[in-house]
Amino acid sequence: GIYLQGMLQGTRPEITTDLGRLESQAAGKLSAEAMGYIVPSAGSGATARANLAAFDRWRLVPRMLRGSTERDLSCTILGTPMPAPVLIAPIGVQTLAHPDGELATARAADALGLTYTHSTQASHAFEQIEASSKWYQLYWPTDRDVCLSFLQRAKAGGYGVLVVTLDTGTLGWRPADLDRGFLPFLKGEGLANYFSDPAFQAKLVKPVAEDPAAAVMHWAQMFPNVGLSWDELSFLRDNWDAPIVLKGITSVDDAKLAAENGVDGIVVSNHGGRQVDGAIASLDALPAIAEAVGEQLTVLFDSGVRTGADAAKALALGAKAVLLGRPLMYGLALAGQAGVEHVLRCFLAELDLTLALSGYANHRELNRDSLVRA
Ligand code: FNR
């Protein structure tokens, strides 16, 4: 379609189709503070660089003459039907990228039939999100009433799977934000779920509108939650009657503990390198984890996925689906909902082409023999 438009109408896509170049294109649209929050990572950036470099160490080995005319990428992940093994990663405070924020991202996902994951730190509340397939990402607040209320609102809002992010008991050391003294949440951004929450409101002396600064400080007391332990997962199992996924697993031992503790899935992820500097690349963690628990748990993957070929590699190394993160924020910054849709369409098209040209009719055929280590 893009080639035909170029030939017949002389038009070119407004946003690059080179998903690796989105970041530099989006940089022109974003404020220094927004760029500083979205793009950089923890510390020296070593983990984020390692995430990307890890993909380059694996190479696909295309097979020929296998009749892959018709591809079928559809799948069902934890009871959620999907047109392709691709999900929208939970990303907070999306109004930093575009005024429409999560509303635009959710609509873009919906337009393609993909599943949107709603962050606890979103700029829009649960109830505002319009998408037919939604999951909810929990940052487990220290306040149990608020936690319960979030679970109830997610359930009432039709969010199908609970994704519990474990790697962010508190924020990592992020020099780009520290040097600017900028944290969106302390400006009241990304707190829509809290500010609209009855259990949260009940704990405030004055309503949010009358004393927003006090409401922000109240959030700041309940967000950092580094004291959680495996025993406490039973609280979630008792209060959430649908699948539970633990996000932020990179250790084989933790993956086994997740299985022992009766959750349904994990996301192998290091939060895009935003938490522990010098941590293992997410893709380097994937093969051993998939081998250890892939039969018992649904293993999902993120951190460093930029292209359709990256997705094919992660699927070949044992992931059942991948979550897309930063590239969607670049699309959002460039053109709101249309920009997110553009990125998703390019990503899905490249994944489909990669399969076709490598001789696969189905992403489930990808396996360790589909790759070599370079
Ligand atoms: C995130 N991520 C994230 N994760 C989460 O569980 N809850 C959240 O609120 C956020 N917020 C957030 C904001 C921004 C700006 C970014 C870039 C990331 C992490 C996200 O879900 C995912 O793990 C990473 O984005 C994957 O890394 P890449 O592919 O973006 O490098």
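Source: prediction; values computed, not measured.

Asks: Outline the UniProt feature "active site" (unreviewed entry) in the chain, listing residues and values.
Replies: UniProt feature "active site" (unreviewed entry): in the numbering of this structure it lies at His-271. Inspection of the secondary structure puts His-271 in the loop between strand S9 (265-268) and helix H13 (282-293). Judged by the 27 C-beta atoms lying within 10 Å of it, His-271 is buried.

Asks: Can you break down the site of the ligand residue by residue, with the values?
Replies: Residues in contact with the ligand amount to 22 residues; listed here are only the nearest, Gly-92, Ser-119, Gly-272, Gly-325 and Arg-326. Looking at the shell around the ligand, the elements with two or more residues in it are helix H3 (32-38) and helix H15 (326-358). A breakdown of the residues in the shell around the ligand according to their chemical character gives seven nonpolar, twelve polar and three charged.

Asks: Please give an account of the confidence of the model for the chain that cites residues and values.
Replies: Note that predicted coordinates carrying low pLDDT should not be read in detail. Overall, the prediction assigns the chain a mean pLDDT of 97, with 100% of residues at 70 or greater. No element of the chain has a lower mean pLDDT than helix H1 (residues 2-8), which averages 92, and none a higher one than strand S10 (residues 298-301), which averages 99. For this predicted complex, the interface score ipTM comes out at 1.00, while the overall pTM is 0.98.

Asks: Any chance you could break down helix H10 (residues 212-222) for me, citing the residues and the numbers?
Replies: Of the positions making up H10, those classed as buried are Ala-215, His-218 and Trp-219. Axial view of H10: buried residues confined to an arc of 100 degrees, hence all on one face. Turned more than 90 degrees from where H10 packs its buried face, Ala-213, Met-217 and Gln-221 sit exposed. The secondary structure elements touched by the buried residues of H10 are helix H8 (192-195).

Asks: Now, about the nonpolar core: what can you tell me, with residues and values included?
Replies: Note on soluble globular proteins: their nonpolar side chains tend to be buried together. Counting 105 residues, the largest nonpolar core has Leu-162, Val-245, Ile-266, Leu-286, Ala-314, Ala-319 and Val-322 as the members making the most contacts within it. When sequence neighbours within four positions are dropped, the list of residues in contact with Ala-319 reads Leu-286, Ala-290, Val-299, Leu-300, Phe-301 and Ala-314.

Asks: Describe helix H5 (residues 101-111), naming the residues involved and giving the relevant values.
Replies: The buried fraction of H5 amounts to nine of the eleven residues, a majority that puts the element mostly inside the structure. Where H5 is concerned, the buried positions are Gly-101, Glu-102, Leu-103, Ala-104, Thr-105, Ala-106, Ala-108, Ala-109 and Asp-110. On its buried side, H5 packs onto strand S4 (86-88), strand S5 (116-119) and H15. Backbone geometry just downstream of H5 places Gly-113 in the positive-phi region, at approximately 75 degrees.

Asks: How would you summarise unusual backbone geometry if you had to cite specific residues and measurements?
Replies: With a phi close to 55 degrees, Leu-65 is a non-glycine residue in the positive phi region. Note that Leu-65 resides in the loop between strand S1 (58-60) and strand S2 (75-77). By C-beta crowding, Leu-65 is classed as exposed, having 6 other C-beta atoms within 10 Å. The phi dihedral of Val-93 falls on the positive side, at around 40 degrees, and the residue is not glycine.

Asks: Which residues make up the packing of helix H4 (residues 46-56) against H13, and what values go with them?
Replies: The interhelical angle for the contact between H4 and H13, taken along N-to-C directions, is 60 degrees, at an axis separation of 7 Å. Classified by the interaxial angle, the pair formed by H4 and H13 is oblique. Where H4 abuts H13, its residues Asn-51, Ala-54 and Phe-55 lie against Ser-282, Leu-283 and Asp-284. Here the residues of the contact of H4 with H13 sort into three nonpolar, two polar and one charged.

Asks: Would you mind going over the environment of Trp-140 in detail, with residue names and values included?
Replies: As for its position among the elements, Trp-140 is in the loop between strand S6 (134-138) and helix H6 (144-156). Taking the number of C-beta atoms within 10 Å as the measure of exposure, Trp-140 has 23 and is therefore buried. When the C-alpha atoms of Trp-140 and Phe-150 are compared, they prove to be 9.4 Å apart, with ten residues separating the residues in sequence. Excluding its chain neighbours within four sequence positions, the residues that come into contact with Trp-140 are Cys-147, Val-164, Asn-225 and Leu-228.

Asks: Help me get a handle on the pairing of strand S7 (residues 159-165), residues and values and all.
Replies: In terms of burial, S7 is largely enclosed, as six of its seven residues are buried. Note: S6 against S7, four bridges, orientation parallel. The residue of S7 that forms the bridge with Lys-134 is Tyr-159. Remark: the S6/H6/S7 crossover connection has right-handed handedness. Sheet topology places S7 next to strand S8 (residues 244-249); four bridges connect them, and they run parallel.

Asks: So what about the sheet that holds strand S11 (residues 321-324)? Which residues, and what values?
Replies: An order of S4-S11-S10-S9-S8-S7-S6-S5 is seen for the eight strands of this open sheet, with the pairing classed as parallel. Every interior strand has two partners, whereas the edge strands, S4 and S5, have only one. Averaged over all pairs of adjacent strands, the angle between strand axes in this sheet comes to 30 degrees, irrespective of strand direction. H13 rests against S8, S9 and S10 of the sheet, and its axis sits at about 175 degrees to S10.

Asks: Which residues make up the pairing of S11, and what values go with them?
Replies: Burial of the side chains of S11 extends over both faces: Ala-321 and Leu-323 are buried on one face and Val-322 and Leu-324 on the other. Taken together, the two bridges between S10 and S11 define a ladder with parallel strand orientation. Note on S11: the bridge partner recorded for Phe-301 is Val-322. In this region the chain leaves S10, passes through helix H14 (residues 308-316) and returns to the parallel neighbour S11; the handedness of that crossover is right-handed.

Asks: How would you summarise the environment of Leu-30 if you had to cite specific residues and measurements?
Replies: Its place among the elements puts Leu-30 in the loop between helix H2 (22-27) and H3. Residue classification places Leu-30 among the buried positions, given that 21 C-beta atoms sit within 10 Å. Put simply, Leu-30 and Ala-97 are 67 residues apart on the chain and 6.7 Å apart in space, counted from C-alpha to C-alpha. Beyond its immediate chain neighbours, meaning those up to four positions away, Leu-30 contacts Met-35, Ala-97 and Ala-333.

The rules we used
Residues numbered from 1 in each chain as written. Predicted model: local features only at pLDDT ≥ 70, side-chain atom pairs only at ≥ 80, totals over all residues. UniProt positions renumbered as here; feature names shortened; annotations may be inferred. Helix = DSSP H or I, 4+ residues; strand = E, 2+ residues; numbered from the N terminus. Buried ≥ 20, exposed ≤ 12 C-beta atoms within 10 Å, placed from the backbone. Near = placed C-beta within 6 Å. Nonpolar A, V, L, I, M, F, W, Y, C, P; charged D, E, K, R; others polar. pLDDT = per-residue confidence, 0-100. Arc of directions from axis to C-beta. Contact = placed C-beta atoms within 7 Å. Core = buried A, V, L, I, M, F, W, Y, C linked by C-beta atoms within 7 Å. Axes fitted to C-alpha atoms, helices over the stretch in contact; angles between N-to-C directions. Parallel < 35°, antiparallel > 145°, perpendicular 65-115°, else oblique. Pairing = 2+ DSSP bridges. Right-handed = clockwise from strand over helix to strand, strands pointing away.

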